[in-house]
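# Remarks on the overall topology
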Amino acid sequence: MLKIIEKLLQSLDKRTEARMRRTADIAGRRSALAKIGGVLVGSALMPILPFDRSLGVAFAGDAVAETSCDYWRYCALDGTLCNTSGGTLTSCPAGSEASKVSWIGTCKNPTDNKDYLVSYNDCCGKAEVNGGTFCFTNKAERPGYLMGLHNDINWCMANENKGYHCTVAVLVGMVDA
Amino acid sequence: MTTSAFAAGHTPQVNYILRCAGCHGLDGTGSSIGGVPPLGLIKTFTSDPEGRLYVMHVPGVVNSGLSNQEIADVINYVAQRWGSPDLPFESFGLEEVNHLRSINISDVVSYRRDLTSRYISEGKRVPEYPWP
């Protein structure tokens, strides 16, 4: 069951990112200019167009490593990164299971300047590794007395195995979808 | 649902993802081990005056940090998205939410227990609720 959840989360992350890329291809101002520029290749107008050579690839060139707490997706994360604990950005390390409940935050992607909804699922049922990168960013978290807005919780509480291992960051939507 | 009501903030769907989906899930199914009921039977509550009062005192609603207008919009979104299609639904408006939230319920768990006992005796379906 929990493997299914993990696969679902990964597929959701991929789908969200793919959707954004498609949107960037179809609707992006810069990519529209890129396409117009493409049509006009060879014409006299070509040199004056602000031509976007990325052709709508919105995520190319992220400067910050995904293993750094400064990576944009980790803006509201409280935990150890799974990609420094044997897993990846969106998948739990072998032997651990994705949490059924999670903390969800909003982070701005500096590449396209859009706000994304990020689900921080804990991976459960395995001891933490030594040397994993611990991040404590927690953007938009509120104090503990505002229970529903407080992230300092073991999100493995809804799993059979409640031991905390690490945290993944899965894209689940956009604020301005 | 009006768009002007949340033009300055988030859409009900985004507020649901940000404030509710962490526990109730992106598909509204909740988590029985985590003590989070599914949302598919919400219309059992919203079809009844005492149930409408309860919905506005659910801990996750009270602690959501949303405004009363945003709460109305999110509950309407949830009922329309996951509520049983065979049950009618009357939307919440700001005035009703203001009124219901101004009423004090001292023990929301007991209130729900009494409510669901009555629903069961009336032959209505109610979601699992693991809290003692």
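I will try to describe carefully the structure that is included in this document. (Residues numbered from 1 in each chain as written. Chains lettered and ligands numbered in written order. Predicted model: local features only at pLDDT ≥ 70, side-chain atom pairs only at ≥ 80, totals over all residues.)

All right, on to the overall build of chain A then. Counting its secondary structure elements, chain A contains 2 helices and 5 strands. Along the chain direction, N to C, the helices and strands of chain A fall in the order α-α-β-β-β-β-β. Burial analysis of chain A (177 residues in total) assigns 34% to the buried set. Here the analysis covers contacts within chain A between residues at least 6 apart in sequence; of these, 74% occur between residues at least 24 apart. (Helix = DSSP H or I, 4+ residues; strand = E, 2+ residues; numbered from the N terminus. Buried ≥ 20, exposed ≤ 12 C-beta atoms within 10 Å, placed from the backbone. Contact = placed C-beta atoms within 7 Å.)

Another point: the overall build of chain B. Scanning chain B from N- to C-terminus turns up 8 helices and 0 strands. Order of helices (α) and strands (β) in chain B, N terminus to C terminus: α-α-α-α-α-α-α-α. The C-alpha atoms of chain B give a radius of gyration of 14 Å, which matches the 14 Å a tight globule of 132 residues would have. Looking at chain B residue by residue over its 132 residues, the buried ones come to 31%. Expressed as a percentage of contacts within chain B between residues at least 6 apart in sequence, the contacts between residues at least 24 apart total 63%. (Rg over C-alpha atoms; globule rule 2.2 N^0.38 Å.)

We now examine the sheet that holds strand β2 (residues 97–109) of chain A. Two orientations exist for strands paired in a sheet by backbone hydrogen bonds: parallel and antiparallel. Residue and element names in this part refer to chain A. An order of β2-β3-β5 is seen for the 3 strands of this open sheet, with the pairing classed as antiparallel. With partners counted over all chains shown, the strands left at the sheet margins are β2 and β5 (164–174), one partner each. The mean angle between the axes of side-by-side strands here comes to 25°, regardless of whether they run parallel or antiparallel. Pairing of strand β3 (residues 114–124) with β5 involves 9 bridges; the strand directions are antiparallel. Note that in β5 the partner of V118 across the bridge is L171. (Pairing = 2+ DSSP bridges. Axes fitted to C-alpha atoms, helices over the stretch in contact; angles between N-to-C directions.)

Relative to the 20 Å expected for 14 residues at 1.5 Å per residue, helix α8 (residues 108–121) of chain B spans 20 Å between its end C-alpha atoms, a close match to the ideal helical length. Downstream of α8(B) by a residue or two, G123(B) has a phi angle that is positive, lying close to 80°. (Expected span 1.5 Å × (residues − 1).)

To continue, consider the nonpolar core. Buried together is how nonpolar side chains tend to be arranged in soluble globular proteins. By size, the foremost hydrophobic cluster in this structure holds 54 residues, and its most contacted members are I104(A), L117(A), V118(A), I17(B) and I75(B). Here this core gets 7 residues from one element, more than from any other, and that element is β5(A). Beyond its immediate stretch of four places on either side in the chain, V118(A) contacts R73(A), A76(A), I104(A), G105(A), C107(A), A169(A), V170(A) and L171(A). (Core = buried A, V, L, I, M, F, W, Y, C linked by C-beta atoms within 7 Å.)

Moving on, we come to unusual backbone geometry. Residues and elements named next belong to chain A. Unusually for a residue other than glycine, N113 sits at a positive phi of about 60°. As for its placement among the helices and strands, N113 is situated in the loop between β2 and β3. A count of 8 C-beta atoms within 10 Å places N113 in the exposed class.

This next bit is on the interface of chain B and chain A. Each partner contributes to the interface: chain B provides 16 residues, whereas chain A provides 18 residues. Only α1 (12–19) and α2 (21–24) of chain B provide two or more residues apiece to the side of chain B that touches chain A. Here the residues of the side of chain B that touches chain A are counted per class, giving 8 nonpolar, 8 polar and no charged. (Nonpolar A, V, L, I, M, F, W, Y, C, P; charged D, E, K, R; others polar.)

So, about the packing of α1(B) against helix α6 (residues 68–82) of chain B. All names here are of chain B. At a minimum axis separation of 9 Å, α1 and α6 run at an interaxial angle of 90°. Considered as vectors, α1 and α6 are oriented roughly perpendicular to each other. Counted together, P12, Q13, N15 and Y16 of α1 and E70, D73, V74, Y77 and V78 of α6 form the full contact between these two elements. Within the contact of α1 with α6, the residues separate by chemical class into 5 nonpolar, 2 polar and 2 charged. (Parallel < 35°, antiparallel > 145°, perpendicular 65-115°, else oblique.)

Moving on, we get to the environment of I103(B). All names here are of chain B. Its location among the elements puts I103 in the loop between α7 (94–102) and α8. Judged by C-beta crowding, with 9 C-beta atoms within 10 Å, I103 ranks as exposed. C-alpha of I103 to C-alpha of L39: the two residues are 64 residues apart in sequence and 23 Å apart in space.

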